[in-house]
Amino acid sequence: MPVPASLAGLTIPVVGAPMFLVSGPDLVIAQCSAGVVGSFPSLNARPESALADWIAQIRDGLARFEAAHPGRRAAPFAVNLIVNKANARLSHDTEACLRAKVPIIITSLQAPGEIVPAAHAYGGLVFHDVTTVRHAEKAAEAGVDGIVLVCAGAGGHAGAMSPFALLPEVRRVFPGTILLAGAISTGRGILAARALGADLAYLGTRFIATRESLASDAYKRMIVEAAAKDVVYTPEFTGVAGNYLLPSILAAGLDPATLALPGASKEYRSREKSGVSAWRDIWSAGQGVGSIEDVPTVAALVDRLAAEFAAARSDVCG
């Protein structure tokens, strides 16, 4: 299975997913210093002029880590770009990432088009996230280096397909790096992703409940207290089906029984008019929350995941 040379030295085969309003420089620096890829959505850096500052802050933090730990290399970092006409910042954020030669660009929604050759020109990688085989085919046609399969159970805007179905079908049409997302919160889950044929596991929710994330203490506490039964899959809040924490829906004064079902009309849009907003008030999480029981530092978490990964591999391989 193909893993780019720049990712061959990861502590464990993990990429930390970019999470809106949650991933910031501190989280990314901690992730990369621990030996996994850290990432953040460009839209988290506000105003748009702050994006270049965030990238510089991350580079400086990783340089200081390497200077303090001779012989250890930090993992590369990534920035997520929303490729859509509705994203008024797309041109600015793309130019900022290319100018800064961001090691990995993760694109979402539409195929990345001209971003791919531009990143390749300086040796950068482009990963694209998808929920269907057709979207994967379009990404492959665009020449991306990696495809992120956002499967059933993943936090945020997630697909409905099982990884057991989606991954083999995508592997038949794409020879590059495949990343798997969806309810992966433990080292055993990371090994399972590898056994299924993924090159890298893509973890989001597990990193929300860490000390370095931008999530509020209440959000982190809700994740620790939640189980899979507390995760609701609905297009109610953005028009695209996603997974959200039931307690946050109730706290916003909403009746879960009235929420739109997956596949409902695109007429279901954000509830901004009622003062309730997805991500800010309605908190997202994947179905793997039941395996999350604490809020450690990223370094401690990665050490634990690595130990679990090794133990699971020993159990399976003997």
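Above: the structure in question.
Residues numbered from 1 in each chain as written. Predicted model: local features only at pLDDT ≥ 70, side-chain atom pairs only at ≥ 80, totals over all residues. Heavy atoms only, no water.

**Student:** I keep staring at the pairing of strand β3 (residues 77-83) and nothing clicks. Help me out?
**Tutor:** Walk down a regular strand and you will see the side chains alternate between the two sheet faces. Among the 7 residues of β3, 6 are classified as buried, and the element is accordingly described as predominantly covered. Pairing between strand β2 (residues 38-41) and β3: 4 bridges, direction parallel. Across the sheet, S39 pairs through a bridge with A78, a residue of β3. In this region the chain leaves β2, passes through helix α2 (residues 50-68) and returns to the parallel neighbour β3; the handedness of that crossover is right-handed. (Buried < 20%, exposed > 50% of the residue type's maximum accessible area, 1.4 Å probe, protein only. Helix = DSSP H or I, 4+ residues; strand = E, 2+ residues; numbered from the N terminus. Pairing = 2+ DSSP bridges. Right-handed = clockwise from strand over helix to strand, strands pointing away.)

**Student:** What exactly am I supposed to notice about the sheet that holds strand β8 (residues 177-181) here?
**Tutor:** Strand pairs in the sheet, formed through backbone hydrogen bonds, run parallel or antiparallel to each other. Pairing within the open sheet is parallel, and its 8 strands lie in the order β1-β9-β8-β6-β5-β4-β3-β2. The open sheet is flanked by β1 (14-16) and β2, the only strands paired with a single partner. Along the sheet, successive strands turn relative to each other by an average axial angle of 25°, direction set aside. (Axes fitted to C-alpha atoms, helices over the stretch in contact; angles between N-to-C directions.)

**Student:** Explanation requested: the nonpolar core in the structure shown.
**Tutor:** Generally speaking, soluble globular proteins have nonpolar side chains that are buried together. F77, L149, I190, F207 and I223 are the most contacted members of the largest nonpolar core, which has 94 residues in total. It is α2 that contributes the most residues to this core, 7 residues altogether. Residue contacts for I223: discarding those within four places in its chain leaves T205, I208, A209, L245, A285, V289 and I292. F237, Y244, I249 and I282 belong to the second largest nonpolar core, which has 9 residues in total. (Core = buried A, V, L, I, M, F, W, Y, C linked by side-chain atoms within 4.5 Å. Contact = heavy atoms within 4.5 Å.)

**Student:** What exactly am I supposed to notice about the pattern of salt bridges here?
**Tutor:** Side chains that carry opposite charge are capable of pairing whenever their charged atoms lie near each other. Applying the stated criterion across every chain yields a total of 11 salt bridges. The closest approach of N and O atoms between E66 and R73, which form a salt bridge, is 3.3 Å. Overall, the relative accessible area of 26% leaves E66 in the partly exposed class. A relative accessible area of 68% means that R73 is categorised as exposed. One salt-bridge network, in which partners are shared between bridges, spans R134, E137 and E141. (Salt bridge = Lys/Arg side-chain N within 4 Å of Asp/Glu carboxyl O.)

**Student:** I would appreciate a short explanation of the packing of helix α1 (residues 25-34) against α2 in the present structure.
**Tutor:** Angle between the axes and distance between the axes: these two values describe a pair of packed helices. Where α1 meets α2, the closest approach of the two axes is 9 Å, and the angle between their N-to-C directions is 35°. The way α1 lies across α2 gives a crossing that is right-handed. For the pair α1 and α2, contact is made by P25, D26, V28, I29, C32 and S33 and by W54, Q57, I58, G61, L62 and F65, respectively. Class assignment for the residues of the contact of α1 with α2 results in 8 nonpolar, 3 polar and 1 charged. (Left-handed = near helix turned anticlockwise from the far one by under 90°. Nonpolar A, V, L, I, M, F, W, Y, C, P; charged D, E, K, R; others polar.)

Read these as geometric descriptors, not functional statements.
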